[in-house]
Amino acid sequence: MPRLLQVGAFAFAIIAVPLPAHAWWCGVNDAIWRAGHQAAETALEARVTLMGTDLSAQRAITLEMLLSAAKVNTAQGATNGGREATMVKSSQEALATTLGEQTRREAIVDAREQYSFETGQGVNTCSSVNLTATVTQSLSTIGETGRKLYTDVDVSPGKATSVASATATRLATTSLTDAEPLFDPSASDDARKAVIQHLAGLPLPLPDASMPQASADLMLMRARRVEALRSPALVSLNAVRAMSSSAAHETGTTDVGAFVALDQLIAQYGGGDGFEAWSAGLAGQSEHGLLVELARLRSISLTLRQTQTEQQARLAALFATMVAVQAGGDL
């Protein structure tokens, strides 16, 4: 290395010498200097080549790292997206299941509230149903029961009871001339029957075989006319009799007359002993329960209207009979 410095200093000294104005070239023919210069040039080229190789390698590694980072980022994004989609799907499924279960339970609660025995079947269901059936059955059988009792009276049409037999019956029940048993549910049916027979009076005498045919026919026609005139009143009286009499009712109903059934109806719905409990029970009923209770009241109302219509028909028959008597005169 000192040798190279000496050669360099010598070359610098040569270059620094003043030259004439005309151009001339002076080369370095020192073999040692040339060898050193070539060695330096070769080393520099090797260093540059190594640096380029290292730079290319580092660039390749950087590109691979960037590619790997992009792949990792893509994979992570895909994973996060999959997780998010799975989470959203699971959340939606859970929400749908929860809403479905909530709707089902709400439907169960609503059905229980609307149709349960406590809130959806009316106030005091068993007792109310029994009362409604009792009233309906008692009122609806007044006409039928009255017609059956009507044929039991000894002066009913077609009975042909003799005057002597009817007189004996009246004498045996002389104490039963008051109409009170007709309106007393506790009175016996025989007492009510005796009152009606006293009101009806005695039958007309029947013709016998010794009478002329014309006189017998006339007597029979008069007897039939009297029976016909009595019949509307007898039907009405026996209808009143039927309202106090117990009849064979359906299973589950109480065997009472119409008067007793109406008293029970008024006690619950008309301000009687059970009215306060019934009106208080309405507050706890659902819409369906209130409709059931309304249907019961309308059923009872229709039954009462039917009973009233039958009563008006009997009254009309009585007035028509009175008009017929006034217009027809004696037979």
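Going by the structure above, here's the rest.
Parameters and conventions
- Residues numbered from 1 in each chain as written.
- Predicted model: local features only at pLDDT ≥ 70, side-chain atom pairs only at ≥ 80, totals over all residues.
- Heavy atoms only, no water.
- Helix = DSSP H or I, 4+ residues; strand = E, 2+ residues; numbered from the N terminus.
- Buried < 20%, exposed > 50% of the residue type's maximum accessible area, 1.4 Å probe, protein only.
- Contact = heavy atoms within 4.5 Å.
- Areas by Shrake-Rupley, 256 points an atom, 1.4 Å probe, with all protein chains shown as cover.
- Salt bridge = Lys/Arg side-chain N within 4 Å of Asp/Glu carboxyl O.
- Core = buried A, V, L, I, M, F, W, Y, C linked by side-chain atoms within 4.5 Å.
- Polar contact = N/O pair within 3.5 Å; in protein donor to acceptor, adjacent residues only side chain to side chain.
- Phe/Tyr/Trp six-rings, centres within 6.5 Å; stacked < 30°, edge-to-face > 60°.

Draft legend 1. A look at the overall build of the protein. For the protein, the count of helices and strands is ten helices and zero strands. Counting helices and strands in the order they occur from the N terminus, the protein gives α-α-α-α-α-α-α-α-α-α. Counting every position in the protein, which comprises 331 residues, the buried fraction comes to 24%. Considering only contacts within the protein whose residues lie at least 6 apart along the sequence, 72% involve residues at least 24 apart. In the structure as shown, the protein presents an accessible area of about 21,900 Å², 63% of it carried by carbon and sulfur atoms.

Draft legend 2. Examining the pattern of salt bridges more closely. For the coordinates displayed, the defined rule picks out nine salt bridges. The salt bridge involving Asp152 is made with Lys193; its shortest N-O contact spans 3.2 Å. Of the two residues, Asp152 sits in the loop between α4 (142-150) and α5 (163-172) while Lys193 sits in helix α6 (residues 189-200), which places them 41 residues apart along the sequence. Accessibility expressed as a relative area gives 35% for Asp152, which makes it partly exposed. Each of Asp152, Asp189, Arg192, Lys193 and Arg241 takes part in salt bridges that share partners, so that together they form one network.

Draft legend 3. Spatial organisation of the nonpolar core. Judged by nonpolar contacts, the single largest core of 14 residues is most densely connected at Val135, Leu139, Ile142, Ala258, Leu265 and Tyr269. Of all the secondary-structure elements, those providing two or more residues to this core are α3 (125-140), α7 (213-244) and α8 (258-269). If one sorts the elements of this core by residue count, α8 sits on top with four residues. Once you skip the residues sitting within four places of it in the chain, Ala258 turns out to touch Ser138, Leu139, Ile142 and Met243.

Draft legend 4. Here's a closer look at the side chain of Arg296. Counting through the fold element by element, Arg296 comes out in helix α10 (residues 287-328). When its relative accessible area of 10% is taken as the criterion, Arg296 is described as buried. Only 2.7 Å separates the side chain of Arg296 from the backbone oxygen of Gln121, close enough to count as a polar contact. Ignoring any residue separated from it by four or fewer positions in sequence, one finds Arg296 in contact with Gln121, Gly122, Val123, Thr125, Ser128, Val129 and Thr132.

Draft legend 5. Region of interest: the packing of aromatic side chains. Per the stated rule, a full pass over the model turns up two aromatic pairs. Aromatic side chains Tyr269 and Trp278 sit 4.9 Å apart centroid to centroid with 85° between the ring planes, which places their arrangement in the edge-to-face category. Neither Tyr269 nor Trp278 differs from the other in exposure class; each is buried. With centroids separated by 5.9 Å and ring planes inclined at 40°, the aromatic side chains of Phe275 and Trp278 adopt a geometry described as tilted. Separated by three residues within a single helix, Phe275 and Trp278 lie in helix α9 (residues 275-282), roughly one turn from each other. Note on Phe275: relative accessible area 27%, which makes it partly exposed. Take Trp278: its relative accessible area is 11%, and that puts it in the buried class. Within the aromatic cluster, the residues linked to one another by ring pairs are Tyr269, Phe275 and Trp278.

Draft legend 6. Looking closely at the environment of Pro232. Within the element layout of this structure, Pro232 appears in helix α7. Since its relative accessible area comes to 15%, Pro232 is described here as buried. Spatially, the C-alpha atoms of Pro232 and Leu315 are 8.5 Å apart, while their sequence positions differ by 83 residues. Apart from residues no more than four positions distant in its own chain, Pro232 is found in contact with Ala317, Leu318 and Thr321.

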